[in-house]
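The chain contents come next:
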Amino acid sequence: MKPLNRKRKWALRLVMMIALVVLALPLSKKLDTTPKELAAQRAELSKRDRTTEPSSVDSASLLADVRTLADPAMQGRAVNTPGGKKARDYLLQRFREVGLEPVGTGFEHAFSFTPGRGIRFWRAKFWEERKPVPGVNLVGQIRGTVDPDSVIVVSAHYDHLGLRRGKLYPGADDNASGVAAMLAVARHFRANPPRHTLVFAAFDAEEGGLWGASAFVDNPPVPLQSILLDVNFDMVSRNADGEIFASGLYANPHLRLVLDKVRVTSVPTILYGHDKPGFFRVDEDWTMQSDHGAFHQRDIPFLYFGVADHDDYHSPGDTFENIEPKFFLSVADALIDVMAALDAADAAQLRRKP
Ligand SMILES: [Zn+2]
């Protein structure tokens, strides 16, 4: 082929590529309505009458749980490590102190998982089968007084990244905070018995694959059909703007009414979003980003509460000192209000319409 022809061919390819990008741009803008949606939500919520009721959360316990789980003694709570075991022992004691009942065989639910295949280039196979890794979920419950056979799962993962290359990843926000908030919810409902059975699940091995939550839905300690929804907490203790996302209404629009009632008075700003699929969207879809994803895959409704990523996300800077106690306490209160509103609804309202 002559050089000129080759040049022409490349020029044509370039023009086609540019044309494709130019054509895709308006499409992506059109689908990516999130900044606009969020601005509208913020404007609407700025007029709300925030509750002035004093907090019902034991803030000393809430903060002590995060401080303990994020302590260097827990070594970042990686799955199948002494630090992970230490965190689990602490949580077992907390489950007992709060007064949760074991579910099925006990609080501890062991499982194992095989992480993805690795690729090695030098003198080795490209595909390598890895060894199974043991993990342990902790599951406790408070029986419902009106409809005990219908279950609402409250979940938070207690594992984190551990020690990597000699550096400690304490995981205070991710996700000691979610576990502490889950325990605050449990304390509230021990004092104010729920209508439905509440199952509290501290999942292991969320990091790197939602393995604990997947084991839970694969081998459920309560019948899967009895689970009305999963409410998952993951990273709930820091945001400079006092905002937290309630994600999942795109797949579960029937839960919106319940959330709407809470967010018109909540102290933190509860935003909806990060739950729409779509190739051209630039905002992240969080549907499979934490343990609620395993429930969603089984077609179980979910709500996920978490803050937008911050500078210390998955970094050694995710320490107890860097969480925001005032915001965190307000979120814990709001999450109790959310759980109370969900529990007040009837099972038929919480199930997704066919
Ligand atoms: Zn997390």
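Reading guide: rules and limits
- Residues numbered from 1 in each chain as written.
- Predicted model: local features only at pLDDT ≥ 70, side-chain atom pairs only at ≥ 80, totals over all residues.
- Helix = DSSP H or I, 4+ residues; strand = E, 2+ residues; numbered from the N terminus.
- Rg over C-alpha atoms; globule rule 2.2 N^0.38 Å.
- Buried ≥ 20, exposed ≤ 12 C-beta atoms within 10 Å, placed from the backbone.
- Contact = placed C-beta atoms within 7 Å.
- Domains from an automatic or database assignment.
- Expected span 1.5 Å × (residues − 1).
- Arc of directions from axis to C-beta.

J.: A description of the overall build of the protein chain should follow, citing residues and the corresponding values.
T.: Each helix and strand in the protein chain was counted, giving 10 helices and 11 strands. For 354 residues, the compact-globule estimate of 2.2 N^0.38 gives 20 Å, and the C-alpha radius of gyration of the protein chain, at 22 Å, lies within 12% of that figure. A principal-axis box enclosing the C-alpha atoms of the protein chain has dimensions of 85 × 55 × 45 Å. Of all 354 residues assigned to the protein chain, the portion counted as buried reaches 43%. Long-range contacts, defined as pairs at least 24 residues apart, comprise 82% of the intrachain contacts of the protein chain with a sequence gap of at least 6.

J.: Describe unusual backbone geometry, naming the residues involved and giving the relevant values.
T.: A cis geometry characterises the amide bond from Asp 174 onward to Asn 175, with omega recorded as 0°. Inspection of the secondary structure assignment puts Asn 175 in helix α5 (residues 172–191). Of note in the backbone geometry, Asn 80 takes a positive phi value of approximately 60° without being a glycine. With respect to the helices and strands, the residue Asn 80 is situated in the loop between α3 (59–69) and α4 (82–98). For His 274, which is not glycine, the phi torsion reads 55° and is therefore positive.

J.: Can you lay out the domain arrangement of the protein chain for me, pointing to particular residues and giving the numbers?
T.: What the domain assignment lists for the protein chain is domain 1 (1–31) and domain 2 (33–350). Of note, the centres of domain 1 and domain 2, computed from C-alpha atoms alone, are 45 Å apart.

J.: Lay out α4 in plain terms, naming residues and giving numbers.
T.: The terminal C-alpha atoms of α4, which comprises 17 residues, lie 24 Å apart, in line with the 24 Å expected from a rise of 1.5 Å per residue. Listed as buried for α4 are Gly 83, Gly 84, Ala 87, Arg 88, Leu 91, Arg 94, Phe 95 and Val 98. Angularly, the buried residues of α4 cover 135° about the axis, an arc narrow enough to put them on a single face. For α4, the exposed residues set more than 90 degrees away from the buried face come down to Pro 82, Asp 89, Gln 93, Arg 96 and Glu 97.

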